[in-house]
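Examining the three-dimensional arrangement
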Amino acid sequence: MATRRRRMGCVRIVPNTMSAEAADRVAAVTSSQPSTPLQISWFEFLLDNSLLEKHLQKTGADPSPVQLIVQFLEQASKPSVNEQNQVQPPADNRRNRTLKLLALKVAAHMEWDLDSLEKGLTIPVLNMLLNELLCVSKVPAGMKHVDLDLATLPPTTAMAVIIYNRWAIRTIVLSSFPEKLTKPGPHQMNMLNLVQQEKEMTENILAVLKEQANDSISVLQRALQLKKDFYVHTLRTLDLLGADAAANGETESSTAGLRISADQLHCQVCYDLGGVFFQQGCMDQTAYKKAQDHFRHTKELLKKLDQTVHVHLDEKRLNGYWNACKALAGDCDPSDTQMTQCDQINNLIRACDYQAVVEAFIKDNSSQSLQNHFRRSILRELQYKVQQGDSGLDEVCHKVCVCNAVRDALEGEVPSVGFQQLLLRPSRRTLDFMLEVCTRSLEQRPPSERSRSNMADFLRTLCESLEDLSQVFVVTSHKLFLELLKEEERKMLLEQMKKRSATINLSAKPLPSFYDIPASASVNIGQLEQQLILSLDPRRVRQILIELHGMAERSFWRVNSKWEVPAEYIVVILGIKDNLTKDLVYILMAKGLLSISVKDFAHARLLFSACLELVTEFSPKLRQVMLNEMLLLEVRAHEAMAAEGSKERPPPDLVSRVRGYLEMRVHDVPLRQVIGEECVAFMLNWRENDYLTLQVPPSLVMNNPFIKLGQLLASTCKELPGPKESRRTAKELWDVVVQICSVSVQHKRSSDGRLGLIKHRESTLGIMQRNKFITFIKKLREPLVLTTLISLFVRLHSIVRDDIVNEVTAEHLSIWPSSLPNLQAVDVEAVAVTVRELVSFALSLNPHNQSWLGTQADIYFVTNQYCAALNFYLQAGAVCSDFFTKPVPPDVYTDQVLKRMIKCCSMLNCHTQVAVLCQFLREVDYMTAFKALQEQNSHDAMDSFYDYIWDVTILEYLTHIHHKRGETEKRQVAFLLRVQMKAIGQTELNSSNPEEVLQLAAQKRKKRFLQAMSKLYF
């Protein structure tokens, strides 16, 4: 026992001894209480390596697997406090690494079932868990997953990438579902703070996942192209990692871990991709077709698989998705014999044959093949069309409502509230239709005794609901009524109707429909809330709120969890005393912001204008708030037009309003930082550099970091190109960016007396946080501004990497300093990530910018991604030569660029391409060409590239090499000899020709070779 005495955090393991008095107390407690096993604490798993597996094998283990994951990661991510009481990031020590590994083992025991993990873990915790999986699986750090080649990665590494990206798109889909907000309870302040922190973390993670959604989709689509089996980490492989056994390659072998067949993985990935494409369908109708294709493949694979033990999907949801896709994609062939009745009805609705829909519903009342939820969804769809202004469908809605009510009655269900409202004042035509549906529903086949009894009850209830006795007599005299109800029952019902008519004043004015059925008031409120969520008409929103406040005295701005207004405005809006006005202001603003987020600027203008008109009457502060938000709306609308290709400059009025906002001095008005940020980006994008450099008040530059950054960018751009003495502004911009990318450094004396180095994540001395800086950059689209920023970061990247041989090139590098006084203070990884993101973003705006393409190629080259580098070097040459129909300018394909292309080909084992490219240099590099041609293991087409060699010396050496290898009998040598003789015999390659003729011949082969290379690498 003494060997186990050690410290783990604040817990000490001591020998199992106690005093007699303590033993008596324990005995007294245990004798008076049932012997319930104590819950195992998280630290016990650190002390006994075998305890975790034993615990997970138990039925109803306490704590449960997901609780263990939370406990392990919570303990591993706790910050520490140093001797100066400064909070430090979690230490990277053995204890924390072991805790993270334990969390991964629990997930491995759950076989990485994302359904179970998503139900039990929050988004931040699951994000931390999967990032740890990427780390232990040795996924290359700093590289985007979309740039990885899954086919060449170790099986467990590729599977980790796939699991993470599956979770990413699933989380995006789940976050789009509406959530009912929980009512605030008597929480303590620290609890509220924790909830708020978790919400902010979740929102930040979701923002990143949504930004990278297309990359995740691409990764998963490429995974579907792999036909091999996959392997995922198990408890055993994770144990090997923990024991540092990965050195022998066991955990990276092709069969280490749990085997997942290709069909099983493809089934799961297709299901997840179908979900995200279905979610995108509301913005892009063609996405429904993609979703349908993936769900079809999922269903086919499910039928093919003998067992689906490693496939975790909801088949009911899959069938729902499938039916919805067929309805939304309109991919139902009327001649298809396998087409379901649901598909037929959807086809009828698309064809606007509503009478046929009603007929189908009447027939289904007898066959009862359609599910009730589908019938109700059809009714909701028709009602939605009526709300959108198609008043001609009112009668169709009434008929479908009647058909559904009769179907409910036949099954003994209570009719819907909508049907009961229809009975308040039915027309004779509606009443006749009800009786017709009831009769035909029992005619199609011999009805059961239960159906007849239920129909009799329905007719009896119908009579009791009608207030007009003449309508009651219509029902009671109908053939079906006489057939189903006995004479005694008919007489009793008529007596009740007569007595009721004596006590009811039928001429009294009826109450509004919302109060006609008091028992269903909550249902009516729910229906109004649904209309409130859907409506984008400010007047209709106000009318609904008035009705809701007449029915219930509570706030309705919490109805939809997606309604959010900026935190800066919450206090002002919730301070409005009148509840109706408070709800109206909040909802109008929230709906407007939602409309902006989906680029529905027309509805956003309507909603904001109505809100401005409302608040102008009572609050100057809110009036200014709405004016600011309307300015942001117009800025974003104009930027969206520019992103779509519009060259129209913004109107002078908008530019004037932007200037006015930047110079605004109202102190008691809450301001959103994003508005100032987008206003500065707007001015830079439209080259309002004179205002930013000359007219902005100095106080604004000092107080607003975005204005300061915008001024420095504008000044630097104005000075390009310029003499050295005019580069003072460039030096100021450099200092600001370096400070943003810096980390604070602090020395601490270790136990052995040496000084150690502790790095904080980010320095607080910069004018803004790094993530806000990146967000601001991605709002810019002016080429010169982006080129300036790319140039700055490329220079900074070269300095911190300190690799003279492998430098990245860009324009205007000479304006920046060539060294840093405090190199250790710069976060190298942050600079590398920023330069990659910046160049990728710039190319997403203009993929034909030769300078940016060259920089991207260099970035891939220095990170040893040779295939991607060669791709972008070829693109850079193609865009400035009309796809190589003209010579590539020598300042684009310099000797340095050509040598890098040669190295790329060499590293890819394409040695014939190396030999051809060696001719492109100003001085032909015969040594490299000869060495490449000596290689026998070449991955290119070899002889197919011989025709692009125009240098006779290389051709002669090539023939010599083949003879030397003893390949005299091969057709290849004969071909070479013919090529050589043909080349030597061609007048255009005769060395006696003028230089112009030789250059023309070389250029012809260069063009054809580069075009062939483009087909290979594009």
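Below or above, wherever it landed, is the structure these notes cover. (Residues numbered from 1 in each chain as written. Predicted model: local features only at pLDDT ≥ 70, side-chain atom pairs only at ≥ 80, totals over all residues. Heavy atoms only, no water.)

Focus: the overall build of the protein chain
On a plain count of helices and strands, the protein chain comes out with 47 helices and eight strands. When each of the 1018 residues of the protein chain is scored for burial, the buried share is 46%. Taking as baseline every contact in the protein chain between residues at least 6 positions apart, the subset at least 24 positions apart corresponds to 67%. Put simply, the protein chain shows about 53,600 Å² of open surface, and 52% of that area lies on carbon and sulfur atoms. (Helix = DSSP H or I, 4+ residues; strand = E, 2+ residues; numbered from the N terminus. Buried < 20%, exposed > 50% of the residue type's maximum accessible area, 1.4 Å probe, protein only. Contact = heavy atoms within 4.5 Å. Areas by Shrake-Rupley, 256 points an atom, 1.4 Å probe, with all protein chains shown as cover.)

Notes on empty space enclosed by the protein
As enumerated under the stated definition, the model contains five cavities of 30 Å³ or more in all. Taken as a whole, the largest cavity spans an internal volume of roughly 150 Å³. Lining the largest cavity are 14 residues, with Glu111, Trp112, Met159, Arg166 and His310 positioned closest to its centre. Those elements giving two or more residues to the lining of the largest cavity turn out to be helix H8 (155-175), strand S6 (258-260) and helix H12 (262-280). Looking at the lining of the largest cavity residue by residue, the classes come out as eight nonpolar, four polar and two charged. (1 Å grid on protein atoms, 1.4 Å probe; cavity = no way out; pocket = protein on both sides within 12 Å on 5 of 7 lines; lining within 4 Å. Points joined across faces, edges and corners; volume = space filled by probe spheres on them. Nonpolar A, V, L, I, M, F, W, Y, C, P; charged D, E, K, R; others polar.)

Quick word on helix H28 (residues 579-597)
Residues three or four positions apart in an α-helix share a direction because the helix packs 3.6 residues into each turn. Between its terminal C-alpha atoms H28 stretches 27 Å, which fits the 27 Å expected from 19 residues at 1.5 Å a residue. Within H28, 15 of the 19 residues are buried, which leaves it mostly tucked inside the rest of the structure. (Expected span 1.5 Å × (residues − 1).)

Let's talk about the packing of H28 against helix H30 (residues 620-643)
The contact between H28 and H30 brings their axes to 11 Å, and the two run at 15 degrees. In terms of their interaxial angle, H28 and H30 are classed as roughly parallel. Considering how the two elements wind past one another, H28 and H30 form a crossing that is left-handed. Across from Met589, Leu593 and Ile596 in H28, the residues of H30 making contact are Val625, Met626, Glu629, Leu633 and Arg636. In the contact of H28 with H30, the residues fall into six nonpolar, no polar and two charged. (Axes fitted to C-alpha atoms, helices over the stretch in contact; angles between N-to-C directions. Parallel < 35°, antiparallel > 145°, perpendicular 65-115°, else oblique. Left-handed = near helix turned anticlockwise from the far one by under 90°.)

Points about the pattern of salt bridges
For the coordinates displayed, the defined rule picks out 37 salt bridges. Across the pair Arg452 and Glu483 runs a salt bridge, and its minimum N-O distance is 3.4 Å. Of this pair, Arg452 sits in helix H21 (residues 449-465) while Glu483 is found in helix H23 (residues 479-484), placing the two residues 31 residues apart along the sequence. The exposure class of Arg452 is partly exposed, given its relative accessible area of 25%. Glu629 is the salt-bridge partner of Arg672, the closest N and O atoms lying 2.9 Å from each other. (Salt bridge = Lys/Arg side-chain N within 4 Å of Asp/Glu carboxyl O.)

Observations concerning a nonpolar patch on the surface
Residues Tyr384, Ile533 and Leu534 make up a contiguous nonpolar surface patch of roughly 260 Å² in combined accessible area. Ile533 gets classed as partly exposed once you look at its relative accessible area, which sits at 35%. (Patch = residues over 30% accessible without salt bridge, like charges linked within 9 Å, V, L, I, M, F, W, Y side chains within 5 Å.)

Comments concerning the environment of Leu104
Mapping Leu104 onto the fold places it in helix H5 (residues 94-109). Separated by 32 residues in the primary sequence, Leu104 and Phe72 place their C-alpha atoms 9.5 Å from one another.

Focus on helix H16 (residues 354-367)
Given a rise of 1.5 Å per residue, 14 residues ought to cover 20 Å, and the 20 Å separating the end C-alpha atoms of H16 matches this to within 8%. Those residues of H16 that fall on the buried side of the exposure criterion are Tyr354, Val357, Val358, Ala360, Phe361, Ile362, Asp364, Asn365 and Ser366. Its buried side turned inward, H16 meets helix H15 (341-350), helix H17 (372-387), helix H18 (394-410) and helix H20 (428-443).

A word on the environment of Ala76
Inspection of the secondary structure assignment puts Ala76 in helix H4 (residues 65-76). For Ala76 and Asp92, which are 16 residues apart along the polypeptide, the C-alpha to C-alpha distance reads 9.1 Å.

Overview of the side chain of Ser881
By the secondary structure assignment, Ser881 is in the loop between helix H41 (866-879) and helix H42 (895-907). Note on Ser881: relative accessible area 0%, which makes it buried. Contact partners of Ser881, with chain neighbours within four places excluded, come to Lys886, Pro887 and Val888.

With respect to unusual backbone geometry
Even without glycine at this site, Lys599 takes up a positive phi of about 60 degrees. Summarising the element assignment, Lys599 is placed in the loop between H28 and helix H29 (601-616). For Lys599, a relative accessible area of 56% puts it in the exposed group. Look at Arg687: it is not a glycine, yet its phi comes out positive at around 55 degrees. Here Arg687 shows up in the loop between helix H32 (673-685) and helix H33 (689-695). A residue is classified by how much of its surface remains accessible, and Arg687, at 57% relative accessible area, is exposed.

As for the nonpolar core
Membership of the largest hydrophobic core comes to 162 residues, with the highest contact counts inside it found for Phe773 and Tyr893. No other element matches H30, which puts eleven residues into this core. Residues within four places of Tyr893 in sequence aside, it is in contact with Tyr873, Leu874, Gly877, Phe884, Val888, Leu898, Met901 and Leu1010. (Core = buried A, V, L, I, M, F, W, Y, C linked by side-chain atoms within 4.5 Å.)

Section: the packing of aromatic side chains
Given two aromatic rings, one states the distance between the centres and the angle between the planes to describe the pair. In total, this model carries 21 aromatic pairs according to the counting rule given. Arranged with centres 5.3 Å apart and planes meeting at 70 degrees, the rings of Phe278 and Tyr288 form a pair that is edge-to-face. With Phe278 in helix H12 and Tyr288 in helix H13 (residues 286-304), this pair connects stretches of sequence that are ten residues apart. Grouping residues by exposure puts Phe278 and Tyr288 together as buried. Between Phe945 and Phe1009 the ring centres are 5.9 Å apart and the planes differ by 75 degrees, which places this aromatic pair in the edge-to-face class. Placement of the pair is Phe945 in the loop between helix H44 (926-934) and helix H45 (952-964) and Phe1009 in helix H47 (residues 995-1017), with a sequence separation of 64 residues. Given a relative accessible area of 5%, Phe945 falls into the buried group. Taken together, Tyr271, Phe278, Tyr288, Phe295 and Tyr321 form an aromatic cluster joined through their ring pairs. Sitting over the ring of Phe433, Lys399 keeps its end group 5.3 Å from the ring centre. A cation over an aromatic ring shows up here: Arg781 above the ring of Trp686, its NZ or CZ 4.7 Å from the ring centre. (Phe/Tyr/Trp six-rings, centres within 6.5 Å; stacked < 30°, edge-to-face > 60°. Lys NZ or Arg CZ within 6 Å of the ring centre and 35° of its normal.)

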